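Letter by letter, the chains look like this.
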Amino acid sequence: MRRMKFTVSVLLLFISGAADCYELARQDNYLGDLGAVIVTPARINQSPDELPTNVSVITRQEMDDAGMNTLADAVEQAAGVIETGQIGTYGSERRISLRNGGSKQVLVMIDGRPVNELYRGDADLSEIPVDNIERVEIVKGPASALYGPNALGGVINVITVKPSAEGLAGSLYSSVGEYDFQNYRVNMGMKDRRTDSFFSFSRNISGGWRDNSACDNRNFSIRVGYDLRGAGRVSLSGGYSSQELELPGKIMYFSYLENKWVRYSDSDRYSSTPDALIEDEKEYGVINYEKDIAREFTVRAKTYGNNCLEAHADPSYPLDTESEDQTSGVELQADVPFGITMGGDLHEDRFQYSSAIDTAAAMDRKTYSSSFFIQEMVRTDRLTAVLGCRFDHHSEYDGQTNPRLSVVYRAAERAKLSLNAGRAFRAPTFGDLYAKVSGMGEGNPDLEPEKAWGYDLGLEYRLFDPLTGAVTLFRNDLEDYISWAPSPTEADPFRWTPENIGEVYSQGVEVEIRHEICRGISQKANYTYTDSRGKITDDELNTSKLAWGRKGGEDYETLKYIPENRLNYSVSLKTDSGFGAHADTEYVDKRWTLDGWDFNGSMEKELPVYAVTNAGISQKISDAEIFILVDNIFDTRYRARYEYPLPGRTVRGGVKLEF
């Protein structure tokens, strides 16, 4: 509590000094990064003044200031992010939740290319490095009207670097830290009148805090663009990554004999799976083409392919599996007069799985998808309105039609109102449809997609030039929630399968403040209140569940790992002499280890409140910058997942050279 009081005191101190700094900021006309062009909310270029309040942007500068390594680090403190599920040091999986509370309900893209896993349905953000990221755009709330399946809780779109200035430029980055952490990064870009290119490579090594938690990660990406003059513009991009990750396992397990949680060891660093290992390789390729046919008439075409190989072994379990994700597709878009944008895509997904231990679980399945979308944007001096709709057809389930309305009204010079309403869906995954789990059950090819309507209403107000605040109220209602549930047969009375048995609502408020106190000193804060609950709609299953008298009343129950209150605050300093400093604090309310789809209430456990503060300093000397970063500076002991302890204070440092 003392740490939270300290953070709040600092915040109040900066705000109280704002009046003194206001004149300096106004005279320098310092408005922050208001010149950015944002593409994700409407698939076309928009200025920040046209954006609704459900959009957040993380810039390259913010990532550099905080010493971020992965996309999970970049988005963790954005408004509306419920949690990223951290379970360990570098390399351990982290999957994001927005509003609705499920990582499978968030679509993650890189330059508009979906990267969600085919079997699970979500994306591991720890595997996406910040090496070539220019900015991250987050759209919260239903977005299937533009991006199709899985955009139920929102969309995260990574925008990669494209050189803007002519000539050759690049950077070398190296850092080392505790637990044998090493990070090496090379970026290089070049541009002339007709050609631009960007290359990045990184190597990340960590010994891990817990036993058997080491990671060795390599990433390579390249992009080349060429102006064909009157024939348009083409770009080719591709990448490859590989990773070896040791898995330490859970520190606790639930003993049905003792009816309580039991620790494997008194040491938090103990590994319950000392021989578990995952090895994966990912590669992708994209060809983009764009041509201006006439004034306000542009066509865009994209063909892309993703491939992921993963091997998971644990001799003591025993476990020995291999899987492969393959996606290939083509996408078309046309921006035509009267603010109309239309397009569609065709793609094929294939998932292959084999097990040396459980041969009956083998899988080789393909699915096919197609879509068409259309939207119209109306712009006036004060109003920007977007009305759109998309139809998606899938080879395994019925077609889905999802409309959307977004309105931004600039009520005054310093104020704007926004309204968003739309429908979205999450498609059943390959695991939902076709899984075969020995001793448990199998997938259900008759599943319906999860469906949700979402609404938000926001107000953004600029108190004076360097201080902007926003408040957004939101509500999402989801039906046909997919969960594994008892489905016994005469041959197998203990059989489980995925079923559409759930109903979820999520509502709350997001508050965000950005403040340039004066040139070189800035702060930002955001607060998210979330009331996210669910219930089982099957009467027989619901009766079984309610017998335990679970939390949340007789109808709806609080969802798993969803904190009611989450607060983030950060402050940064940059001086003319090249000195920089940065600090951020994350406060997370209590959470529960079970959701409404578990049938044994005795396993329920509360995770306590925690607050973690990170800080860093840097000094620029000519073209080089030396930095020191301290994560969890107050050595807080906490857990984002009940069974996975996290390390205390860690220190790393390094140097960045630009040329």
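So, here's what we can say about the structure. What you see is a predicted model, and the numbers here were worked out from it, not measured in a lab.

**Topic: the pairing of strand β28 (residues 521-536)**
Move 1: Note: strand β27 (residues 496-518) against β28, 16 bridges, orientation antiparallel. By the bridge assignment for β28, E516 is matched with S522.
Move 2: Connecting β27 to the next strand, β28, in antiparallel fashion are 2 residues, including G520 with a positive phi near 95°.
Move 3: Relative to strand β29 (residues 557-558), β28 runs antiparallel, the two being bridged by 2 bridges. Directly across from G534, in β29, lies its bridge partner E557.

**Let's talk about the sheet that holds strand β4 (residues 106-110)**
Move 1: Strand order in the open sheet formed by 5 strands is β1-β6-β7-β4-β5, with mixed pairing between adjacent strands. At either margin of the open sheet sits one strand with a lone partner, and together these are β1 (55-59) and β5 (113-114).
Move 2: In the sheet, β1 pairs with strand β6 (residues 133-140) via 5 bridges, with the strands oriented antiparallel. Along β6, the bridge assignment pairs T59 with R135.

**Focus: unusual backbone geometry**
Move 1: Backbone torsion omega between Y317 and P318 reads -5°, so that peptide bond is classified as cis.
Move 2: Its location among the elements puts P318 in the loop between β16 (297-314) and β17 (319-336).
Move 3: Here E296, not a glycine, exhibits a phi torsion of approximately 60°, which is positive.
Move 4: E296 sits in the partly exposed class, given a relative accessible area of 49%.

**Focus: the nonpolar core**
Move 1: Ranked by size, the top nonpolar core spans 24 residues in total, and within it L71, V75, I96, L125, V136, I138 and I156 carry the most contacts.
Move 2: Among the elements of the structure, α4 (71-75), β4, β6 and β7 (154-160) are those that each provide at least two residues to this core.
Move 3: In contact with I156, not counting residues within four places along its chain, are V75, I96, L98, V106, L107, V108, M109, V136, E137 and I138.
Move 4: A424, L478, Y481 and L559 belong to the second largest nonpolar core, which has 9 residues in total.

**Quick notes on the packing of aromatic side chains**
Move 1: One pass over the full model with this rule turns up 12 aromatic pairs.
Move 2: Between Y173 and F627, the ring centres sit 5.4 Å apart and the planes meet at 20°, which makes this aromatic pair stacked. Of this pair, Y173 sits in strand β8 (residues 167-177) while F627 sits in strand β35 (residues 624-631), and the two are 454 residues apart along the sequence.
Move 3: Ring geometry for Y610 against Y638: centres 4.5 Å apart, planes inclined by 35°, an arrangement best described as tilted.

Reading the values: the criteria
- Residues numbered from 1 in each chain as written.
- Predicted model: local features only at pLDDT ≥ 70, side-chain atom pairs only at ≥ 80, totals over all residues.
- Heavy atoms only, no water.
- Pairing = 2+ DSSP bridges.
- Helix = DSSP H or I, 4+ residues; strand = E, 2+ residues; numbered from the N terminus.
- Buried < 20%, exposed > 50% of the residue type's maximum accessible area, 1.4 Å probe, protein only.
- Core = buried A, V, L, I, M, F, W, Y, C linked by side-chain atoms within 4.5 Å.
- Contact = heavy atoms within 4.5 Å.
- Phe/Tyr/Trp six-rings, centres within 6.5 Å; stacked < 30°, edge-to-face > 60°.

Functional significance is not addressed by these values, which are geometric in nature.
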